Amino acid sequence: MFELFLAELRRAWIQFRRYPFESIGVIIITTTFFYGLFLSAKYIAGPSLQFGDRLDSIVIGYVLWTLMIFILTDISGELQQEASTGTLEQLFLSSFGATKVFLMRTLANLSFQIILTFGILLIIMGLTGSRLYFPPALLFPLVTVVLGAYGIAFTMGSIALLFKRIQRLLGIIQFLLLFLIATPVETWTGSLKFLAELLPITPGAGLLRALMARGESLDLTKLGIAFVNGVVYFAIGLVVFRFAEREAKQRGILGGY
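Residues numbered from 1 in each chain as written. Predicted model: local features only at pLDDT ≥ 70, side-chain atom pairs only at ≥ 80, totals over all residues. Heavy atoms only, no water.

Visitor: How should I be thinking about unusual backbone geometry in this particular structure?
Guide: What you tend to see is this: most non-glycine residues have negative phi, and most peptide bonds are trans. The phi angle at Ile201 is positive, at roughly 75 degrees, despite the residue not being glycine. Tracing the backbone shows Ile201 in the loop between helix H8 (190-198) and helix H9 (202-212). You can call Ile201 buried: its relative accessible area is 2%. (Helix = DSSP H or I, 4+ residues; strand = E, 2+ residues; numbered from the N terminus. Buried < 20%, exposed > 50% of the residue type's maximum accessible area, 1.4 Å probe, protein only.)

Visitor: What am I meant to see in the side chain of Asn109 here?
Guide: Position of Asn109 relative to the elements: it lies in helix H5 (residues 98-128). Apart from the residues lying within four places of it in its own chain, the contact partners of Asn109 are Ala12, Phe70, Asp74 and Glu78. (Contact = heavy atoms within 4.5 Å.)

Visitor: Even after reading the chapter, I still don't get the layout of surface pockets, so can you show me in this structure?
Guide: To find leftover empty space, one rolls a probe the size of a water molecule over the atoms. By volume, the largest pocket is sized at about 970 Å³. Mapped by element, the contributors of at least two residues to the lining of the largest pocket are helix H1 (2-18), helix H2 (20-45), helix H3 (53-85) and H5. Residue composition of the lining of the largest pocket, grouped by class: 14 nonpolar, nine polar and five charged. (1 Å grid on protein atoms, 1.4 Å probe; cavity = no way out; pocket = protein on both sides within 12 Å on 5 of 7 lines; lining within 4 Å. Points joined across faces, edges and corners; volume = space filled by probe spheres on them. Nonpolar A, V, L, I, M, F, W, Y, C, P; charged D, E, K, R; others polar.)

Visitor: What is the right way to read the pattern of salt bridges from this model?
Guide: If the charged atoms of two oppositely charged side chains come close together, the side chains can form a pair. Within the structure shown, the criterion is met by three salt bridges. Between Arg214 and Glu216 there is a salt bridge whose closest N-O contact spans 3.2 Å. For Glu216, a relative accessible area of 40% translates into the label partly exposed. The residue Glu245 makes a salt bridge to Arg242 at a minimum N-O spacing of 3.8 Å. Pair noted here: Glu245 and Arg242 are both in helix H10 (residues 220-251), with a separation of three residues, about one helical turn. By relative accessible area, which is 7% here, Glu245 ends up buried. (Salt bridge = Lys/Arg side-chain N within 4 Å of Asp/Glu carboxyl O.)

Visitor: Looking at this structure, I do not really get the packing of H5 against H10. What am I missing?
Guide: Each pair of packed helices gets described by two things: the angle between the helix axes and the distance between those axes. In contact at an axis separation of 10 Å, H5 and H10 are set at 135 degrees when each is read in the N-to-C sense. Comparing the axis directions of H5 and H10 gives the class oblique. Like other packed secondary-structure pairs, H5 and H10 cross with a definite hand, here right-handed. Residue-level inspection shows Ala98, Thr99, Phe102 and Leu103 of H5 in contact with H10, the latter providing Phe234, Leu238, Phe241, Arg242 and Glu245. Partitioned by chemical class, the residues of the contact of H5 with H10 number six nonpolar, one polar and two charged. (Axes fitted to C-alpha atoms, helices over the stretch in contact; angles between N-to-C directions. Parallel < 35°, antiparallel > 145°, perpendicular 65-115°, else oblique. Left-handed = near helix turned anticlockwise from the far one by under 90°.)

Visitor: Any chance you could explain the packing of aromatic side chains here in plain terms?
Guide: Describing an aromatic ring pair means giving the distance of the ring centres and the angle of the ring planes. The final tally for this structure, using the stated rule, is nine aromatic pairs. Ring centres 4.8 Å apart and planes at 40 degrees place the aromatic pair Phe34 and Tyr62 in the tilted group. With a gap of 28 residues between them, Phe34 in helix H2 and Tyr62 in helix H3 connect regions that are remote in the sequence. By the burial criterion, Phe34 is buried, and Tyr62 matches it. Geometrically, the ring pair formed by Phe154 and Phe234 is edge-to-face, given 6.3 Å between the ring centres and 80 degrees between the ring planes. Of this pair, Phe154 sits in helix H6 (residues 139-163) while Phe234 sits in helix H10, and the two are 80 residues apart along the sequence. Exposure remark for Phe234: the relative accessible area of 16% places this residue in the buried category. Ring pairing ties together the aromatic residues Phe33, Phe34, Tyr62, Trp65 and Phe175, which thus form one cluster. (Phe/Tyr/Trp six-rings, centres within 6.5 Å; stacked < 30°, edge-to-face > 60°.)

This is the structure we're talking about:
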């Protein structure tokens, strides 16, 4: 598995090095879009506008959303790219298995995407004056968010494998992800709080806002809930993908893109 990861990491580095302007373009477009929204909000509200730590929470939510969009489209995009180059069937016949190959590939791609996302975060902080905390403990809720996102991504990849074109569905899911990440569910109470803990990504996103925007200490109970949430959705995504893989092989539709 480690050798497979190193091979996929080398592949991701080669692609990253060959197309640097694509990465630069993503950084420029992402930061410009957010800064435009920020300036528009300041203009509408007037000089009396005071964001407080809400700006920090919004920045965290937006940057997380951009990372989640990459994760969401990564697997389905890789499937369509392999199909267009005619190598999809060979990948599914690999001795490692398609699930392991895509898992290692997405982890390798994620390594470079996190660097880009961190760069976007720093630029947005410089443009807006946001001040965030970066305690080492933020890695734990970030892992839970990534697990949940990859669970959704493998599910979307399964749909892409069986039904081919899912661009419109991906667009809808992207905006649903914005709701899950940006909504301050940690302020909910009662049955709504219980519902928030069942939704994917939301427990970990709430912990990240608490750590980075408000400078709170890590709540181990909430971290446990977020970890269970992420693992469950990740496991569901893998199971669904394995099922879709078997169905695609039985139907003989791997090359039918």
